[in-house]
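# Close look at the chain arrangement
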Amino acid sequence: MKIVVCVKQVLDTRVPLAVNGSVVQKEPSPIYIMNPADRIAMDKALEMKASLAGEEIIVITAGPARAEQVLRMALAAGADEVVHLEDEAFEVADAYTTALALSRVIKELDYTMIFCGNRSLDIGAGQVPAFLAESLGIPQVTGVMGLEIISPGRVKLWRRLEKGRRQAIECPLPALYAVDSSAGQPRYVSEFSLRRAAKRRIRSLTLADIGLTQADVGPQASLIRVVSLSPPKPRPKKIYIPDGSLSASQRMSYLLSGGLAKGKESSLLEGTADYLAQQIIKYLIDEGILPK
Amino acid sequence: MTPVSDIYWHISGYAIFWILFAIAFGLFAQRVYFLFRLLRLGRREERSQSLGRRIKTMLVEVFPQWCNLKTVTRQDLAGIGHSLLFWGFGLFLIGYIIFIGLGGGFGLSSVLAGSTFEIVYFSILDIAGLFVSAAIVWAAIRRYIIRPERLEASFEAGIILLLVITLMALHFCIEGFGYAAYHISAPWPPIGAAFANFLISTDVSESTLVAVYKGVWWLHYAIILGFLVYIPRSKHLHILASPFNVLFKPLAPKGALKLIDPEKAETIGAAKIQDFTWKQLLDLYACAVCGRCHTNCPATLSGKPLSPREVILNLKDHLLEVGPQLLSAETPSANPGTAMIEDVITEEVIWDCTTCYACQEVCPVGIEHTVKLIDMRRNLVEHGRVSPSVAKALESVRLLGNPWEQPQSARLDWAEGRKVNLIQDREEVDVLYWVGCAGAYDPRSRDISLAVVSLLERAGVNYALLGTEERCCGDPARRMGEEGLFQMLARSNIDVLKKYRFNRILTHCPHCYNMLKNEYPQLGAQFEVVHHSQFLLELIHSGKIKLQEGQELRLTFHDPCYLGRYNDIYDPPRQVLQAISKATLIEMRLNKTKAMCCGAGGGQIWIQSEKGRRIEDMRFEQVQEVDAQIVATACPYCTIMLDAVAQIKEPTGKIKVMDIAELVVRALAQ
Amino acid sequence: MTKAKDVWVVAEHSAGKIEDVTLEMIGEGRRLAQKLDQQICVVLIGYQKPPPLQLLSSHGVDRLYLVDDPLLADYTTDAYASVLISLIKQQLPSIILFGVTANGSALASTISARMQIGLLSGCTALNINDAGILEATRPLYEDKIYSTAVFQASTFPRIATIKPGAIGVGKAELSGQTQVEEVHPHITAEDIRTKVIGYTQADPRTLDLAEADIIVAGGHGASTMSNWHLVEELADALGGAIAGSRMAMDDGWVTREQLIGQSGKTVKPALYVALGISGASQHTEGMKESERVIVINKERGAAIFKLANLSILADLTEVLPALIAKLGELRRSATDSENNSS
């Protein structure tokens, strides 16, 4: 029986990015990593393997030639088998087309669980899990923080909700788990083990092997089209100016008490404790942190 | 005549002598052989190169007791005591061989008895005996009454002290009773003769004297044999093991780690005791439990679980415990029941080490503590058993070429707005300035790089930087046990450096210095490397940098571990400081070879042990103790650590932390 | 344009309260609806949830679809997707907005997959451009790149998920009546493959900082016996998580898990309150991406002021009690008015 893990190679966002037709890095050579959520998903899958007998981990990626890097990482981390669904078209494929291709590969496998990251660092649409689960006809659980085998065929999972809440769910197998990137810290993979992995076999598949053409996964087949890309405009730091609605006498007494420093640059508020507390609350209300 | 030639209950004394000897020697040899077989469980290691040089080192360290005398400080004079013990007991040992062995066992006593040789030798032994007894008494008082931190008031130590002093006492008794019993009177040997005269003056009968003499003689013999049996079964094993340990000391630069060939290595690093090399295991035998490593270790001093002494002793106990089972196991790589990592040495302890080398510097018998800890780290890394902060730093080094999570393309940002020479634009330069990761990315350390560059320009040095082609030298990776990553970085850096033409590499970071100079040759590089303290001194001496008249500054210097202990560079930075300050340099109590680590090395700045005090806090308190205005540093890590503490403990800036380059810039003539 | 009509917002609610993101979506949805000359509706799926009609009316919601069934008491993707899809097929909305939340995202993705329609996720703004096309602004690469995207095919409904906090909650000053339409869906337990066993609540104080919207962090200036309780009280008053700088950790006020900075956690909360923190880079590295920063410190030259949206130069022991007291008053008057209005 197999546990399938779907991973994606993404650009390392720690490095400055720019738009040059597409998104590029301003580095001598581009730096790619395995999508962090996928990395955690893979770790969780490996943990599952440790607690189940006879399961094998098969890691799959759909990507251009350079995506081999993440499969080497998977092998070094302990994957039994890795599959590279290779085509340049995956460079720009959207969630729908990527999931379509992946499902074709996975359908042929005898799997119990599918792990993937909840969302990817780059596009972050978070839709591949749903598309994949639907096309395979299996239940999906998203935002997975942890899981536990209760008995053969029964798994208990914790979903991450807002503000630290968790929803505990039971889900029958086979199922797809979309793991949240905060579900753990990525387990370190040593350079020596990566070197050893460089010698191992990767099963390579082309679109033709799964009965698809470039048109099926190309931009024309996507459901969404990106019209333009741009770096974000620098967010002007909103410096808070004290309440213009204070009465004149209040403002006078404030200034006389040594209050606001002069000059536009400085916006350091000073004053009585009550005044300052009031200003803080007004700020919080204005910013929508406190209800009106 | 010795009592050996007598007959006892129809049994020849010789028979008794030799049977006892055979038993004792048999037990001794059996134990030594067992210990030797345990060593052979360890991995192979080449330690016989330059045998002539090795033998010379051993002879110098052991016989003149340089190994102990070098550890003597005003606070700890024990090295002198041990030397006296060693020489004194050495003379006794020779005496035993001659007088008991040859004289007694081989019946040559008739030749020796009364001879001038005997008189002279016994006189020497009398003096030696006094010194040894005094040393023993001093040792006992220290160990059991004064109780300094590094000495354990153990049962085993007590037995050994008792045995030795008993042997001294018995020696005097043998002389006294012997001379008295056989009416030998002479002024020499001094104590023996005096004791004999005293006994003669009493009314003790001759037969009693003879009986006591014989009894004492055999007792003395028995205790010597007992000692022989006890030596390999106690910490006195160090007598046998330590000369060999010194013989097999590494000839490589201090602290240099071994290159792993991942193709050939069965296990990466050390997970079980047999994964250590035989030399690493020999270290465990050589330990005399002196405790100096324990009292000099910054981790121990700051209350962390790591104690180098405990590491060595625990490993030794573990080896002795699982040894028999391993010797009889099917394969040498069998797994002993107890897990070395976690049961014997916890992961926490393994990560507490800053690799400051204080333990190895001060160890009289040449034990390599840090190598064992890093070997264990190598195994942990291989299995992904590292903390998130370590993983983050290592991943950053791997992907971005530095541990600070900054992009490689930003490596020259520190020089923004300033014109700097890049080697890519030059044919050939004299000096390649290796900036290092801290110097490029850390906000505080960037000031050091800027200072160095302005000094290079002021002095008209033909220098250039590698710019964005520079990658981490690999020190954090290697010291944290990621050997593969170190090798990858080193090869990459060597390839880049080989493209360019320069005479020397200059660096302000002792870790980079140590790597480039001492460890890169393992991968085929041969660079001449100079630390900025040495280089600045050259510039000052040659007049290329002119300084103002020295100011009255209360300066102290914090010796960086990787400059001081690792590379024995203590004076150049001091001379630089002396050139800029009229006032005498203030020395901290823990300075030079004894300097306390700043707490950042060995990857600790990313490992961040949680227990105990922060090492940098303790070091800064030592700076405050000497009431200095400025603590000068020569390493970016030291600057970062001490400066961070200074911001909190001396926010008004009463004590400043400054790199020597920054101080020289301030002192430049206009 | 087509038969499709109305802009829908699928409401996020927890513990009986409508989440702010729903109100944000209503605001954005209303703008779109007005441009398209359509109505703005809210879909509230659950079981016996009293509809907050007053709130919805004041935000200008025209219609509320109240989908009610015992099997909808807990969110399950199968149940919620199933009922929503049948409602969509009946009512044919033109646009549906969901919040980027655990449930909103899961539901939206599933609708997209089951109906094979495109989904614009993680939007910070929606717009009908001059050509009449719905355009979305979406941050990519962890907010380092912005994209404008549209739907490729002309399938309806257009669905999108909206990031909380991107649009802001509008003023609740409209008058009007929200019409309620009760919907009783046909679902059976067999349709739902997963089973909800329960929930765990996290103590906001010890919440994983990565999940906290509001963080109150104490530094050296707050790390004394007499002061630290103020940090805790402020955190309670704001419903925020407690964190600290290295100094606070060394002094024992926070654990390693609550440490912010280079050697601790990196956070991006909606609000970060820095109390008595000087602003050494080791600390600011961990919080400089926070959306809003309030700094209270008595050192004029403290480096942390450079990161502040609101800078308060004051002594903690003076300002905090006053602030905590005022927050308490506000909360009391809010609950009073809630009690009065219900």
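Residues numbered from 1 in each chain as written. Chains lettered and ligands numbered in written order. Predicted model: local features only at pLDDT ≥ 70, side-chain atom pairs only at ≥ 80, totals over all residues. Heavy atoms only, no water.

### Quick word on the overall build of chain B
Definition in use: Numbered from the N terminus, helices here are DSSP runs of H or I no shorter than four residues, and strands are runs of E no shorter than two. Each residue gets one of three labels from its accessible area relative to the maximum for its type: buried under 20%, exposed over 50%, partly exposed in between, using a 1.4 Å probe on protein chains only. We call two residues in contact whenever any of their non-hydrogen atoms come within 4.5 Å of each other. To be clear on the numbers: accessible area is Shrake-Rupley with a 1.4 Å probe, and residue cover counts the displayed protein chains and nothing else. Only four residue types enter the charge count: Lys and Arg as positive, Asp and Glu as negative, with His and the chain ends excluded. Charged groups are reduced to one reference atom each: NZ for lysine, CZ for arginine, CG for aspartic acid, CD for glutamic acid.
Broken down by element type, chain B carries 30 helices and nine strands. Its C-alpha atoms give chain B principal-axis dimensions of roughly 100 × 65 × 45 Å. Out of the 670 residues in chain B, the part that is buried amounts to 59%. Expressed as a percentage of contacts within chain B between residues at least 6 apart in sequence, the contacts between residues at least 24 apart total 79%. Split by element, the accessible area of chain B, about 26,900 Å² in all, is 60% carbon and sulfur. Charge separation in chain B, taken as the distance between the mean sites of 67 positive and 67 negative side-chain charges, equals 2 Å.

### Details of the pairing of strand 10 (residues 154-160) of chain A
All names here are of chain A. Test applied: The criterion for strand pairing is that DSSP finds at least two bridges linking the strands in question.
In the sheet, strand 9 (residues 140-151) pairs with strand 10 via six bridges, with the strands oriented antiparallel. Looking at strand 10, one finds that valine 144 is bridged to arginine 159. Pairing of strand 10 with strand 11 (residues 166-172), which is carried by seven bridges, proceeds in the antiparallel orientation. Of the residues in strand 11, the one forming a bridge with leucine 157 is isoleucine 169.

### Digging into the nonpolar core
Quick reminder of the rule: Nonpolar cores are built from buried Ala, Val, Leu, Ile, Met, Phe, Trp, Tyr and Cys residues. Side-chain atoms within 4.5 Å join them into one set.
Ranked by internal contacts, the top residues of the largest apolar core, which has 144 residues, are B:Ile273 and B:Tyr520. In contact with B:Tyr520, other than residues within four places in its own chain, are B:Cys472, B:Cys473, B:Phe486, B:Leu489, B:Ala490, B:Asn493, B:Ile494, B:Met515, B:Ala525 and B:Phe527.

### A closer look at the sheet that holds strand 6 (residues 56-63) of chain A
This is how the line gets drawn: Under this scheme, a helix contributes an axis fitted over its contacting stretch, all axes are lines through C-alpha atoms, and angles between N-to-C directions fall in the 0 to 180 degree range.
Taken together, ten strands build an open sheet; the order of strands is 13(A)-7(A)-6(A)-1(A)-8(A)-12(A)-9(A)-10(A)-11(A)-13(C) and the sheet is mixed. Taken across any chain shown, the strands that pair with only one partner, and hence form the sheet edges, are strand 13 (203-205) of chain A together with strand 13 (195-200) of chain C. Going across the sheet, the axis of each strand differs from the next one's by a mean of 30 degrees, ignoring polarity. Summarising the sheet, strand 7 (residues 81-86) of chain A and strand 13 of chain A pair through three bridges and their orientation is parallel. Each residue of the ladder has a partner; that of A:Leu85, found in strand 13 of chain A, is A:Leu205. In the packing of helix 4 (residues 102-115) of chain C onto the sheet, contacts are made with strand 9 and strand 10 of chain A, and the angle to strand 10 of chain A comes to roughly 115 degrees.

### Some words on the interface of chain B and chain C
Inclusion rule: When two parts are brought into contact, each loses some accessible area as probed by a 1.4 Å sphere; the total of that loss over both is the buried area. Salt bridges are defined as contacts in which a side-chain nitrogen from Lys or Arg sits within 4 Å of a carboxyl oxygen from Asp or Glu. What qualifies as a polar contact is a pair of N or O atoms within 3.5 Å, subject to a donor-acceptor requirement within protein and to the restriction that residues adjacent in sequence count only when both atoms come from side chains. Gly falls in the polar group here, along with every residue not listed as nonpolar (Ala, Val, Leu, Ile, Met, Phe, Trp, Tyr, Cys, Pro) or charged (Asp, Glu, Lys, Arg).
Contacts between the two partners involve eight residues from chain B and, on the opposite side, nine residues from chain C. Note on chain B versus chain C: buried area summed over both sides is about 800 Å², and carbon and sulfur give 40% of it. Counting the surface chain B buries against chain C, the share from its top three residues, B:Gln608, B:Arg614 and B:Ile648, is 56%. Put simply, chain B and chain C have two salt bridges between them. One salt bridge in this structure joins B:Arg614 and C:Asp250, with 2.4 Å as the shortest N-O distance. One can count three residue pairs in polar contact (both at pLDDT 80 or more) joining chain B with chain C. For the side of chain B that touches chain C, the residue count by class is four nonpolar, one polar and three charged.

### Things to note about the side chain of B:His220
Residue and element names in this part refer to chain B. With respect to the secondary-structure elements, histidine 220 resides in helix 9 (residues 206-230). Classification of histidine 220 by relative accessible area gives buried; the value is 5%. The contact partners of histidine 220, leaving out residues within four places of it in the chain, are Tyr96, Ile100, Leu167, Leu170, His171 and Ile174.

### Some points on the interface of chain C and chain A
Across the contact, 77 residues belong to chain C and 77 residues belong to chain A. Where chain C abuts chain A, roughly 6,600 Å² becomes buried across the two surfaces, and 58% of that area is made up of carbon and sulfur atoms. On the chain C side of the interface with chain A, the three residues burying the most area are C:Tyr141, C:Gln152 and C:Glu211, jointly 11% of the side's total. Seen at the junction of chain C and chain A, the total is five salt bridges. Taken together, the links from chain C to chain A amount to 34 residue pairs in polar contact (both at pLDDT 80 or more). Of all the secondary structure elements, the ones that give two or more residues to the side of chain C that touches chain A are helix 4, strand 7 (119-123), strand 9 (134-140), strand 10 (145-151), strand 13, strand 17 (293-297), strand 18 (310-313) and helix 8 (316-341) of chain C. Element by element, the count of residues in the side of chain C that touches chain A is highest for helix 4 of chain C, at eight residues. Residue classes in the side of chain C that touches chain A are distributed as 39 nonpolar, 20 polar and 18 charged. In the sheet, strand 15 (residues 268-269) of chain A pairs with strand 18 of chain C via two bridges, with the strands oriented parallel. For A:Leu268, the partnering residue across the bridge sits in strand 18 of chain C and is C:Ser311.

### Describing the confidence of the model for chain B
Any residue range with low pLDDT should be treated as having predicted coordinates unsuitable for detailed reading. Just so we agree on the cut-off: pLDDT runs from 0 to 100 and stands for how confident the predictor is about each residue.
Confidence along chain B averages 93 in pLDDT terms, with 100% of residues attaining 70 or more. Here the prediction assigns the complex a pTM of 0.90, and the interface score ipTM is 0.89.

### Topic: helix 3 (residues 77-91) of chain C
Residues and elements named next belong to chain C. Heads up, the condition is: One fewer than the residue count of a helix, multiplied by 1.5 Å, yields its expected span.
Spanning 15 residues, helix 3 covers 21 Å between terminal C-alpha atoms, matching the ideal 21 Å at 1.5 Å per step. Burial analysis of helix 3 places eleven of its 15 residues in the buried class, which makes it a mostly covered element. Inspection of helix 3 places Thr77, Asp78, Ala79, Tyr80, Ala81, Val83, Leu84, Ile85, Leu87, Ile88 and Gln91 among the buried residues, and these make up the whole buried set.

### So, the packing of aromatic side chains
Residue and element names in this part refer to chain B. Heads up, the condition is: Paired rings are identified among Phe, Tyr and Trp, the last through its six-membered ring, by centres lying within 6.5 Å, and are further divided according to the angle between planes into stacked (under 30 degrees), edge-to-face (over 60) and tilted (the rest).
Considering all chains together, one arrives at 35 aromatic pairs over all chains under this definition. On the basis of an interplanar angle of 75 degrees and a centroid distance of 5.1 Å, the ring pair of phenylalanine 17 and tryptophan 18 is categorised as edge-to-face. Look at phenylalanine 17 and you get buried, because its relative accessible area is 2%. Seen from their ring centres, tyrosine 562 and tyrosine 566 are 3.9 Å apart, and the 10 degrees between their planes marks the pair as stacked. Of the residues examined, tyrosine 566 reaches a relative accessible area of 3% and is grouped as buried.

### Brief notes about the sheet that holds strand 5 (residues 502-507) of chain B
All names here are of chain B. Strand order in the open sheet formed by four strands is 4-3-5-6, and the pairing between neighbours is parallel. The sheet is open, and its two edges are formed by strand 4 (463-465) and strand 6 (529-531), each paired on a single side. Taking the axes of each pair of neighbouring strands and ignoring which way they run, one obtains an average angle of 35 degrees across the sheet. Sheet analysis places strand 3 (residues 429-434) next to strand 5, joined by five bridges and oriented parallel. By the bridge assignment, leucine 432 is partnered in strand 5 with isoleucine 505.

### Some details on a nonpolar patch on the surface
Residues and elements named next belong to chain B. Note the cut-off: The residues that make up patches have over 30% relative accessible area and no salt bridge, and they are joined within 9 Å when like-charged or within 5 Å when they are Val, Leu, Ile, Met, Phe, Trp or Tyr.
A grouping of Trp18, Leu102, Phe106, Leu108 and Val111 is seen on the molecular surface, where their side chains present a nonpolar patch of about 470 Å² in accessible area. The topology assignment puts tryptophan 18 in helix 1 (residues 13-39). Residue tryptophan 18 is classed as partly exposed on the basis of its relative accessible area of 32%.

### Let's talk about the pairing of strand 7 of chain C
All names here are of chain C. Counting buried positions along strand 7 gives five out of five residues, so the element sits mostly inside the fold. Here three bridges tie strand 7 to strand 11 (residues 158-162), and the two strands are oriented parallel to one another. The residue bridging cysteine 123 from the neighbouring strand is isoleucine 162, located in strand 11.

### Section: unusual backbone geometry
Excluding glycine, residues mostly carry a negative phi; peptide bonds, for their part, are mostly trans. Each neighbour pair has its own omega, and for A:Leu173 with A:Pro174 the value is 0 degrees, a cis peptide bond. Examined against the element boundaries, A:Pro174 turns out to sit in the loop between strand 11 and strand 12 (175-179). Cis geometry is adopted by the peptide bond preceding C:Pro157, which originates at C:Phe156 and carries an omega value of -5 degrees. The topology assignment puts C:Pro157 in the loop between strand 10 and strand 11. In this structure, B:Gln65 is a non-glycine residue whose phi angle is positive, near 60 degrees. Relative to the helices and strands, B:Gln65 resides in the loop between helix 2 (51-62) and helix 3 (66-69). Judged by relative accessible area, which is 2%, B:Gln65 ranks as buried. A positive phi is found at B:Lys592, a non-glycine position, where the angle reads about 50 degrees. Structurally, B:Lys592 can be placed in the loop between helix 26 (571-580) and helix 27 (604-607). According to the relative accessible area criterion, B:Lys592 is partly exposed, its value standing at 31%.

### Points about the pattern of salt bridges
Residue and element names in this part refer to chain B. The final tally for this structure, using the stated rule, is 70 salt bridges over all chains. Residue glutamate 45 pairs with lysine 258 through a salt bridge whose shortest N-O separation is 3.2 Å. Within this pair, whereas glutamate 45 is found in the loop between helix 1 and helix 2, its partner lysine 258 is found in the loop between helix 10 (238-247) and helix 11 (278-286), the two being separated by 213 residues in sequence. Note on glutamate 45: relative accessible area 13%, which makes it buried. Overall, lysine 258 belongs to the partly exposed group, its relative accessible area being 48%. Residue arginine 309 pairs with glutamate 310 through a salt bridge whose shortest N-O separation is 3.1 Å. Each of Glu45, Arg47, Lys258, Lys279, Asp283, Glu368 and Lys372 takes part in salt bridges that share partners, so that together they form one network.

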